[in-house]
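# Structure assessment
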Amino acid sequence: MRLTIPEPVPDIVRRHEEAGHEAWCGGGALRDAALGETPSDVDVATSATPDQVRKLFRRTVAVGERFGTVGVLDRAGTLHEVTTFRHDVSTDGRDAVVAYGASLEEDLARRDFTINALAYHPLRDEWRDPFGGARDIHAKVVRAVGRADERFREDYLRILRAIRFAARFGFEIDAETWDAVRTNAPGLARISAERVKDEWSKGLATAL
């Protein structure tokens, strides 16, 4: 499936690659596009470090540099999130310590669910889907990437995200993932009220 990615995201990808860095489109916009929605707010994932991203673009802002994300402002002042490929070093179920130097595949492997572990190259019309996310979108299934129990113990908020995605799209949660939801549900008590409230607000916004 060829996607029409809104400008200037392809230009951001092109700028990275001209400088010798790998860059792909990612995020929930790809999932939504596969469901027939028009992609918007498309994120970029790159091998470039945050410092390298800042050197490539004249106008950048700090968005979440703790997690490797830099906001790139286009000529219209619209912000586009650019995040460095990462892999988890450690996690306590609430916060993760991440490191750069990961490959695209390693970056996708740390995502929560297969439907969110997609990457698309807008210049080559190329998809990367190592965990069968497109298959699960077609089958209307929410499935954790890899071992579900590990994904939830990395961040217990993913339990609420699984339920939110299932409710939003009318998907089923696959059996292994649902078993892990039930097993790890007590871990939600360790999540801050602010994060729970933010996740609840996202669910409410998509329901209206």
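Along every chain, residues carry numbers that run from 1 in the direction the sequence is written. A pLDDT threshold of at least 70 governs which residues receive local features in this predicted model, and a stricter bar of 80 or more applies before side-chain atom pairs are shown or counted, although totals over entire chains, interfaces and linings include all residues. Working from all heavy atoms in the structure, the side-chain values ignore hydrogens and water.

## Here's the deal with the environment of Arg15
Definition in use: Going along the chain from the N terminus, every DSSP run of H or I of four or more residues is numbered as a helix, and every run of E of two or more is numbered as a strand. The contact criterion used is simple: two residues touch if any of their non-hydrogen atoms lie within 4.5 Å. Any N or O atom pair separated by 3.5 Å or less is treated as a polar contact, with the protein-specific requirement of one donor-capable and one acceptor-capable atom, and with residues adjacent in sequence counted only for side-chain atom pairs.
Mapped onto the elements of the fold, Arg15 is located in helix H1 (residues 9-18). For the pair formed by Arg15 and Arg128, sequence separation is 113 residues and the distance between their alpha carbons is 20 Å. Excluding its chain neighbours within four sequence positions, the residues that come into contact with Arg15 are Leu56 and Phe57. Of note is the side chain of Arg15, whose polar atom sits 2.5 Å from the backbone oxygen of Leu56.

## Quick notes on H1
The condition is simple: Residue exposure (1.4 Å probe, protein chains only): buried if accessible area is under 20% of the type maximum, exposed if over 50%, otherwise partly exposed. This arc corresponds to the set of directions leading from the helix axis out to the C-beta atoms.
Listed as buried for H1 are Val9, Pro10, Ile12, Val13 and His16. Relative to the axis of H1, the buried residues are bounded by an arc of 160° and lie together on one face. Positive phi shows up at Gly20, right after H1, with a value of about 90°.

## A few points about the pattern of salt bridges
Let me state the cut-off plainly: By convention in these notes, a salt bridge is any Lys or Arg side-chain nitrogen within 4 Å of a carboxyl oxygen on Asp or Glu.
In this structure the tally under the stated criterion is 20 salt bridges. Among the ionic pairs, Arg128 bridges to Glu126, the shortest N-O distance being 3.3 Å. Accessibility expressed as a relative area gives 28% for Arg128, which makes it partly exposed. You can call Glu126 partly exposed: its relative accessible area is 25%. Taken together, the shared-partner salt bridges in this structure form one network comprising Glu17, Glu105, Arg124, Glu126 and Arg128.

## As for the packing of aromatic side chains
The criterion, for reference: Between 30 and 60 degrees the pair is tilted, below 30 it is stacked and above 60 it is edge-to-face, where a pair is any two Phe, Tyr or Trp rings, Trp via its six-membered ring, whose centres lie within 6.5 Å. Charge over a ring is defined by NZ of Lys or CZ of Arg lying within 6 Å of the ring centre and within 35 degrees of the ring normal.
Summed over the entire model, instances satisfying the criterion amount to 5 aromatic pairs. Between Tyr120 and Trp127, the aromatic rings sit 5.0 Å apart at their centres with planes inclined by 50°, giving tilted as the arrangement. With centroids separated by 5.5 Å and ring planes inclined at 40°, the aromatic side chains of Phe169 and Phe171 adopt a geometry described as tilted. Each of the two residues, Phe169 as well as Phe171, counts as buried. Aromatic ring contacts, followed pair by pair, group Phe113, Phe152, Phe165, Phe169 and Phe171 into a single cluster. A cation over a ring is seen here: Arg164 above Phe165, with NZ or CZ 4.8 Å from the ring centre.

Honestly, that's just the spatial picture; any functional story needs more than this.
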